[in-house]
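In case you want the letters, here they are:
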Amino acid sequence: MTPQRGWHGYWQNPGDAGFAAKFAWTLPSGVTAGEPQYPVPTTLIIADLMNYVFEEHYTLLITLNIPAGLAPGTVLPVKLRTNYLVCTEEICVPEAADLSLDLTVGDGAVTTAMRARFDAFRRAIPKPIGMAAQYQVDGKTVRIGVPYPAATALHKAYFFPVTAGFVDYAAPQTVTRDGDRLVIETRVIKAGTGPLQGVLRIGDARGVAINATPGVVAAAPK
């Protein structure tokens, strides 16, 4: 996806406005499509509304699950109807596209150029942080504790919530280093009792996926 200059598309959680792209697949028997994997978005505030958007080129990765045992040379026609929203700071336009591609079962070999291209796509997708995170709601504030080694670089830290309706998207955030952990604080809209999922930006277009469960999170030292 490449937005034209001045336009933007939306992340999986669009924030206070917009909607995420929708996908309707027509696939061969036995083939299924996974959920889209998004790279790290950016923030855009318009009329006090927080939007989670892409203003530059971005790629969504979607895994197609193929039945085992298909003979090399088998053709798999893949069709997709996608509906998505594109906006400027003044107007929004709902758009749709009908896409199709014939995939041919091969022998598993991948060219160096194609492997490099997809490796770059994969590097842009946030990976699970691999350590347990917790959150605690204290009045109108949620405090999220994220294990994060003190020696690991951190730049432009920001928490993008995947869980919708939990935090106030437009509210200020603080991200504080406290030894081998980060403490994120922001405002709650409606606290839940289940996991709080999101993406923590740790650098330019780089992030880690977080799945925080309810617990006790000590405040960071002032």
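Since the model is a prediction, treat every value here as computed from it, not as a measurement. (Residues numbered from 1 in each chain as written. Predicted model: local features only at pLDDT ≥ 70, side-chain atom pairs only at ≥ 80, totals over all residues. Heavy atoms only, no water.)

Novice: It is not clear to me how the overall build of the chain should be interpreted in this structure. Could you clarify?
Specialist: Helices and strands together make up the secondary structure of the chain, namely one helix and 16 strands. C-alpha atoms of the chain, sized along the principal axes, occupy 65 × 40 × 30 Å. A buried classification covers 35% of the 222 residues belonging to the chain. Contacts in the chain between residues at least 24 apart in sequence constitute 69% of all its contacts with a sequence separation of at least 6. With an accessible surface of roughly 12,700 Å², the chain has 55% of that area assigned to carbon and sulfur atoms. Averaging the positions of the 19 positive and the 18 negative side-chain charges in the chain gives two centres separated by 4 Å. (Helix = DSSP H or I, 4+ residues; strand = E, 2+ residues; numbered from the N terminus. Buried < 20%, exposed > 50% of the residue type's maximum accessible area, 1.4 Å probe, protein only. Contact = heavy atoms within 4.5 Å. Areas by Shrake-Rupley, 256 points an atom, 1.4 Å probe, with all protein chains shown as cover. Lys, Arg positive; Asp, Glu negative; His and termini not counted. Charge placed at Lys NZ, Arg CZ, Asp CG, Glu CD.)

Novice: Got a minute to help me understand the state of the cysteines in this structure?
Specialist: Counted by the stated rule, this structure contains one disulfide. The disulfide partner of Cys87 is Cys92, and the S-S distance across this bridge is 2.0 Å. Torsion about the S-S bond of the Cys87 and Cys92 cystine: about 110°, corresponding to right-handed handedness. Of the residues examined, Cys87 reaches a relative accessible area of 0% and is grouped as buried. (Disulfide = S-S within 2.5 Å.)

Novice: Would you explain the pattern of salt bridges in this entry?
Specialist: Side-chain pairs of opposite charge can arise whenever the charged atoms involved come near each other. Using the criterion set out here, one finds six salt bridges in the structure. In this structure, Asp98 engages Arg81 in a salt bridge whose closest nitrogen and oxygen atoms are separated by 2.7 Å. With Asp98 in strand β8 (residues 92–104) and Arg81 in strand β7 (residues 75–87), this residue pair connects regions lying 17 residues apart in the sequence. For Asp98, a relative accessible area of 58% corresponds to the exposed category. (Salt bridge = Lys/Arg side-chain N within 4 Å of Asp/Glu carboxyl O.)

Novice: Explain the sheet that holds β8 here, please?
Specialist: In a beta sheet, neighbouring strands are held together by backbone hydrogen bonds and run either parallel or antiparallel to one another. Ordered in space as β2-β7-β8, the three strands form an open sheet in which the pairing is antiparallel. With one partner strand each, in any of the chains shown, β2 (22–26) and β8 form the two edges of the open sheet. Strand-to-strand, the axes of this sheet are offset by a mean angle of 15°, without reference to chain direction. Relative to β8, β7 is paired through 13 bridges, and the arrangement is antiparallel. Its bridge partner lying in β8, Leu80 is registered against Leu99. (Pairing = 2+ DSSP bridges. Axes fitted to C-alpha atoms, helices over the stretch in contact; angles between N-to-C directions.)

Novice: Mind showing me how you'd approach the side chain of Thr88 here?
Specialist: Relative to the elements of secondary structure, Thr88 occurs in the loop between β7 and β8. The class of Thr88 is buried, set by a relative accessible area of 11%. Engagement of the side chain of Thr88 in a polar contact is seen with the backbone nitrogen of Glu90, the distance being 3.0 Å. Beyond its immediate chain neighbours, meaning those up to four positions away, Thr88 contacts Gly6, Trp7, His8 and Ile46. (Polar contact = N/O pair within 3.5 Å; in protein donor to acceptor, adjacent residues only side chain to side chain.)

Novice: Just checking my understanding: could you explain the packing of aromatic side chains for this structure?
Specialist: The description of two aromatic rings rests on the distance between their centres and on the angle between their planes. All told, the structure shown has nine aromatic pairs when counted by the stated rule. Centre to centre, the rings of Tyr52 and Tyr169 are 5.7 Å apart; their planes meet at 70°, and the pair counts as edge-to-face. You can see Tyr52 sitting in strand β5 (residues 49–54) and its partner Tyr169 sitting in the loop between β12 (158–161) and β13 (174–177), a full 117 residues away along the chain. Note on accessibility: Tyr52 and Tyr169 belong to one class, buried. An aromatic cluster of at least three residues, connected via ring pairs, comprises Trp11, Tyr52, Tyr158, Phe160 and Tyr169. (Phe/Tyr/Trp six-rings, centres within 6.5 Å; stacked < 30°, edge-to-face > 60°.)

Novice: Please explain a nonpolar patch on the surface as it appears in this structure.
Specialist: A cluster of nonpolar side chains, namely Val110, Met114 and Phe118, defines an oily patch on the protein surface of about 230 Å² accessible area. Inspection of the secondary structure assignment puts Phe118 in helix α1 (residues 112–123). (Patch = residues over 30% accessible without salt bridge, like charges linked within 9 Å, V, L, I, M, F, W, Y side chains within 5 Å.)

Novice: Would you take a moment to explain the sheet that holds β5 for this structure?
Specialist: In spatial order, the strands read β1-β5-β4; together these three strands make up an open sheet with antiparallel pairing. Each end of this open sheet is capped by a strand with a single partner; those strands are β1 (9–15) and β4 (42–46). Neighbour-to-neighbour, the strand axes of this sheet turn through a mean angle of 45°, independent of strand direction.

Novice: Where do I start with the nonpolar core in this structure?
Specialist: In a soluble, globular protein the nonpolar side chains are often hidden away together inside. Judged by nonpolar contacts, the single largest core of 32 residues is most densely connected at Val142, Ile144, Val146 and Leu196. Only β5, β10 (133–138), β11 (141–147), β12, β14 (181–187), β15 (196–203) and β16 (206–214) provide two or more residues apiece to this core. Considering every element that reaches this core, the biggest residue donor is β15, with four residues. The next biggest cluster of nonpolar side chains, apart from the first, holds six residues, and it includes Tyr10, Leu44, Ile46 and Val53. (Core = buried A, V, L, I, M, F, W, Y, C linked by side-chain atoms within 4.5 Å.)

That's the geometry; what it means functionally is another story.
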